[in-house]
Amino acid sequence: MTAAANDLRSAGTPACDWTMTVFELAIFMSVFRARHPPGVEEICQVIGTWFECVVHPPVASAPIENMLANRWVSEDSRCFLATEEGRRAARPLMNGIIRMLDQGTRLIDVALMMSVLRLSKGELDNGVRNH
């Protein structure tokens, strides 16, 4: 018997919640990893470095507004803080990226790879980060 996509849902596997875009994930991770709450310009600079392109603040404004509406980030004096809701939305996406890079083989030395990529599979697992 061949498995169908609908079989996964009936088998108890939770459906994916694709509410956070790649760009929003990048914004969230830049906010989460910042040593102090960043403003829009700093967020754009970090993301621009990651993706090797210029990211202008007006391009980030609509995604940041969506993130505020979803409570993935909060705003304090024109700077942004990562929230628990944001960590919950970002966690499965970050874990999926790690598995995507590994191509499902689980043969890559994950600790070495995470060190090289500066990613941590459990980075979003702990409580709210204090700056």
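Notes on the structure in this doc start here. This is a predicted model, so every value here is computed, not measured.

Some details on the overall build of the protein
Move 1: Looking only at helices and strands, one finds six helices and two strands in the protein.
Move 2: Mapped from its N terminus to its C terminus, the protein presents α and β elements in the order α-α-α-α-β-β-α-α.
Move 3: Residues classed as buried in the protein amount to 32% of the 131 residues present.
Move 4: Taking the intrachain contacts of the protein between residues at least 6 apart in sequence as the baseline, contacts between residues at least 24 apart amount to 58%.
Move 5: When the accessible area of the protein is evaluated, it comes to approximately 8900 Å², of which 56% is carbon and sulfur surface.

Some remarks on helix α4 (residues 57-69)
Move 1: Here α4 spans 18 Å end to end across 13 residues, near enough to the 18 Å set by a 1.5 Å rise per residue.
Move 2: Regarding α4, the residues found buried are A60, P63, I64 and M67.
Move 3: Those residues of α4 that are buried are in contact with α2 (22-33), α3 (40-51), β1 (73-76) and β2 (79-82).
Move 4: R71 lies just past α4 and shows a positive phi near 60°.

Quick word on the side chain of T83
Move 1: Inspection of the secondary structure assignment puts T83 in the loop between β2 and α5 (84-102).
Move 2: On the basis of relative accessible area, T83 is assigned to the buried category, the value being 13%.
Move 3: Engagement of the side chain of T83 in a polar contact is seen with the backbone oxygen of R71, the distance being 2.4 Å.
Move 4: A distance of 3.1 Å separates a polar atom in the side chain of T83 from the backbone nitrogen of G86.
Move 5: Residues contacting T83, with those up to four places away along its chain left out, are F28, R71, W72, V73 and S74.

Quick word on the nonpolar core
Move 1: Ranked by size, the top nonpolar core spans 24 residues in total, and within it M20 and F28 carry the most contacts.
Move 2: Going through the elements one at a time, α2, α3, α4, β2 and α5 are the ones with two or more residues in this core.
Move 3: With seven residues, α2 is the single largest residue contributor to this core.
Move 4: M20 has contacts with L25, F28, W72, G86, A89, A90 and L93, leaving out every residue within four places of it along the chain.

Calculation notes
Residues numbered from 1 in each chain as written. Predicted model: local features only at pLDDT ≥ 70, side-chain atom pairs only at ≥ 80, totals over all residues. Heavy atoms only, no water. Helix = DSSP H or I, 4+ residues; strand = E, 2+ residues; numbered from the N terminus. Buried < 20%, exposed > 50% of the residue type's maximum accessible area, 1.4 Å probe, protein only. Contact = heavy atoms within 4.5 Å. Areas by Shrake-Rupley, 256 points an atom, 1.4 Å probe, with all protein chains shown as cover. Expected span 1.5 Å × (residues − 1). Polar contact = N/O pair within 3.5 Å; in protein donor to acceptor, adjacent residues only side chain to side chain. Core = buried A, V, L, I, M, F, W, Y, C linked by side-chain atoms within 4.5 Å.

As far as function goes, none of this settles anything; it's purely spatial.
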